[in-house]
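Read off the chains here:
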Amino acid sequence: MTVSVSLTVNGKAVTADIDPRTLLAQLLRENLHLTGTHIGCDTGQCGACTVHLNGRAVKACNLLAVQAHGANVTTIEGICGAHGELHPMQAAFREHHGLQCGFCTPGMVMNAIELAQKHPNANEATVRAELDGNLCRCTGYHNIVKAVLAGAADMSKSVNNSVKG
Amino acid sequence: MHTFDYHRPATLKDAVALLKKTENARPLAGGQSLTPALKMRLAQTPALVDLGALEELRTIKLEAAVLTIGAGVRHSEVAESKDVKIGLPVLAKLAAHIGDRQVRNMGTLGGSLANNDPAADYPAAVLALSATIHTNRRSIPADKFFTGLYETALKPGEIITSVEFPLPKRAAYVKFKQPASRFALVGVFVSEGGGQVRVAVTGAANSVFRLKDMEKKLGEKFAPEAIAKVKVSADKLNSDLHAAADYRAHLISVLAQRAVGEALGGK
């Protein structure tokens, strides 16, 4: 069986005829060549494949692509500014060395962005608890937590600026 | 995954008809348990009926003595809902700690109950609060709903539409999280309301169950010390690499006392 799926990915309308077994992560990587969404464990544990579905973080390896029919999907490729400048959360990961091998980073950043939106004044304990859907095997999490705290602070600043501006 | 046909009905009526049309067709809610099971070929189905477009399953309604939550409401939506926070804050807190953020953003109340994972959180709430599960055919009291390991009273083709929670006088849920799976190693839900005390335990046996010895003691005196000496039998409890049965029995006792304390503290 082939089904037609239509969705918006990083602001662009996409339609594809796919086997209903196709995972959202596969559609993004193999059909759309958006390989920033990483498949780590492929069992819904590690969070490397995290993308936003209508603004909420989800694991793209644990979602059938057809479940995203009609939805807005944002991947790591879709969060930078109009001129390619890093999202504040990405900039914070770079600034605070929140990665070593970098494999888990796209998922970490996508989860951290929703985390920062939901908890603009998150403390360290909240960040650690709310990141529990994302695994990193390199860093021991210390610099990731620092990066998320800094990124969240920068995000709330830019929200305030845009509200004022 | 084995192959399957896929349907995305727009109404409950169509979903029921599609489930009826193909033997062993399965409904798909958030898919946070079913999709991994299909991927690992622990489950297979000739047809998947996606309930994701059924807006009629996505309402939350708070009344004077009852909170009704649609089966399609996601865990994160329960956790963030003003009505749930006002009417049944214990349930908002429980939902906020299911799995991880990404799971909470997809998983639904109805999906969790229909799956009846032995370590899921919602079954403990439904059983302890004496909730009623409404389906497209009938209403099932919590005491009759959970029938065994991943087994429920649901018949083939029956879809949960909503869950009706009577609001308790006080209640609390305390769980000991298994850090790798983020499921409850043991979770205890205690509630007092409608003239009775109910204690439900998840994570410890093949399905959620009530501890009637504790309920009786708490009915006489609702205080942690009232159940400190209630012996919890390890007989029918799970033993696995995470915890032995006697350890789970010990956890039940400790967590139940903490839950009673928390319920009294009004947290």
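Quick look at the domain arrangement of chain B now. Residue and element names in this part refer to chain B. Taken domain by domain, chain B comprises domain 1 (5-35 + 58-166) and domain 2 (170-263). The C-alpha centroid of domain 2 is placed 22 Å from the C-alpha centroid of domain 1. With 24 residues of domain 1 at the contact, the number on the domain 2 side is 22 residues. The contact between domain 1 and domain 2 buries some 1900 Å² in all, and 57% of this surface belongs to carbon and sulfur atoms. Linking domain 1 with domain 2 are 5 salt bridges, by the criterion used here. The shortest N-O distance in the salt bridge between Arg198 and Asp143 comes to 3.0 Å. Along the contact surface separating domain 1 from domain 2 lie 14 residue pairs in polar contact (both at pLDDT 80 or more).

Attention now moves to the interface of chain A and chain B. Taken together, the contact between chain A and chain B spans 31 residues of the former and 30 residues of the latter. For the pair chain A and chain B, the summed buried surface comes to about 2500 Å²; carbon and sulfur atoms form 47% of the total. In this assembly, chain A and chain B are joined by 7 salt bridges. Residue Glu80 of chain B pairs with Lys118 of chain A through a salt bridge whose shortest N-O separation is 3.5 Å. Linking chain A to chain B there are 19 residue pairs in polar contact (both at pLDDT 80 or more). Of all the secondary structure elements, the ones that give two or more residues to the side of chain A that touches chain B are β3 (50-53), β4 (56-59) and α3 (105-118) of chain A.

Most often, soluble globular proteins keep nonpolar side chains buried together rather than apart. One finds Leu113, Phe165 and Phe189 of chain B to be the most contacted residues of the largest nonpolar core, which totals 40 residues. The dominant element in this core, judged by the number of residues it contributes, is helix α8 (residues 122-128) of chain B, at 6 residues. Built from parts of two domains, this core gets at least three residues from each of domain 1 (5-35 + 58-166) and domain 2 (170-263) of chain B. Beyond its immediate stretch of four places on either side in the chain, Phe165 of chain B contacts Ala65, Val66, Leu67, Ile69, Leu88, Leu91, Leu109, Val126, Leu129 and Ala131 of chain B. By size, the runner-up hydrophobic cluster in this structure holds 36 residues, among which are Val3, Leu24 and Ala25 of chain A together with Ala37 of chain B.

Another point: the sheet that holds strand β3 (residues 47-50) of chain B. Residues and elements named next belong to chain B. What the 3 strands build is an open sheet, ordered β1-β3-β2; its pairing is parallel. Sheet topology places β1 (5-7) and β2 (26-28) at the edges, where each strand pairs with a single neighbour. For this sheet the average axis-to-axis angle between neighbouring strands, irrespective of direction, equals 30°. Strand direction decides the pairing type here: β1 and β3, joined by 3 bridges, are parallel. Directly across from His7, in β3, lies its bridge partner Val49. Against the sheet, helix α1 (residues 12-21) engages β1, β2 and β3, with an angle of about 170° to β3.

Right, let's talk about the sheet that holds β4 of chain A for a bit. Residue and element names in this part refer to chain A. Across the sheet, which stays open at both edges, the 5 strands sit in the order β2-β1-β5-β3-β4 with mixed pairing between neighbours. Strands with a single pairing partner mark the edges of an open sheet, and in this sheet they are β2 (12-18) and β4. Ignoring which end each strand starts from, the neighbouring axes of this sheet average 40° apart. Pairing of β3 with β4, which is carried by 4 bridges, proceeds in the antiparallel orientation. In the sheet register, Thr50 faces β4, and the bridge partner there is Lys59.

What follows deals with the environment of Pro36 of chain B. Looking at the element boundaries, Pro36 of chain B is found in helix α2 (residues 34-39). Taking C-alpha positions, Pro36 of chain B is 14 Å from Gly99 of chain B, a pair spaced 63 residues apart along the chain. Sequence-distant contacts of Pro36 of chain B, defined by excluding residues within four places in its chain, comprise Asn62 of chain A together with Gly31 of chain B.

Rules used throughout
- Within any chain, residue numbers begin from 1 and follow the written order of that chain's sequence.
- Think of it this way: whatever chain is written first is A, whatever ligand is written first is 1, and the rest follow in order.
- For this predicted model, a pLDDT threshold of at least 70 governs which residues receive local features, and a threshold of 80 or more governs which side-chain atom pairs are given and counted, while totals over whole chains, interfaces and linings are taken from all residues.
- Calculated side-chain values reflect all of the structure's heavy atoms, with hydrogen atoms and water omitted.
- Segmentation of the chain into domains, including their bounds, is taken from an automatic or database domain assignment.
- Contacts are residue-level and defined by heavy atoms, with any inter-residue pair within 4.5 Å sufficient.
- Note on definitions: buried area is the accessible-area loss of two parts on being combined, 1.4 Å probe, summed for both.
- Salt bridge, as applied in this entry: a Lys or Arg side-chain nitrogen positioned within 4 Å of an Asp or Glu carboxyl oxygen.
- Distance and chemistry together define a polar contact, namely a pair of N or O atoms within 3.5 Å, with one atom able to donate a hydrogen and the other to accept it when in protein, and with adjacent residues in sequence counting only for side-chain atoms on both sides.
- Helix and strand assignments come from DSSP, with helices taken as H or I runs of at least 4 residues and strands as E runs of at least 2, each series counted from the N terminus.
- Put simply, buried Ala, Val, Leu, Ile, Met, Phe, Trp, Tyr and Cys residues joined by side-chain atoms within 4.5 Å make one nonpolar core.
- Buried means the residue's accessible area, taken with a 1.4 Å probe over protein chains only, is under 20% of the maximum for its type, while exposed means over 50%, and partly exposed covers the values in between.
- Here, a strand pair is defined by DSSP locating no fewer than two bridges between the strands.
- Orientation is described by axes fitted as lines to C-alpha atoms, over the contacting stretch for helices, and by angles from 0 to 180 degrees between their N-to-C directions.

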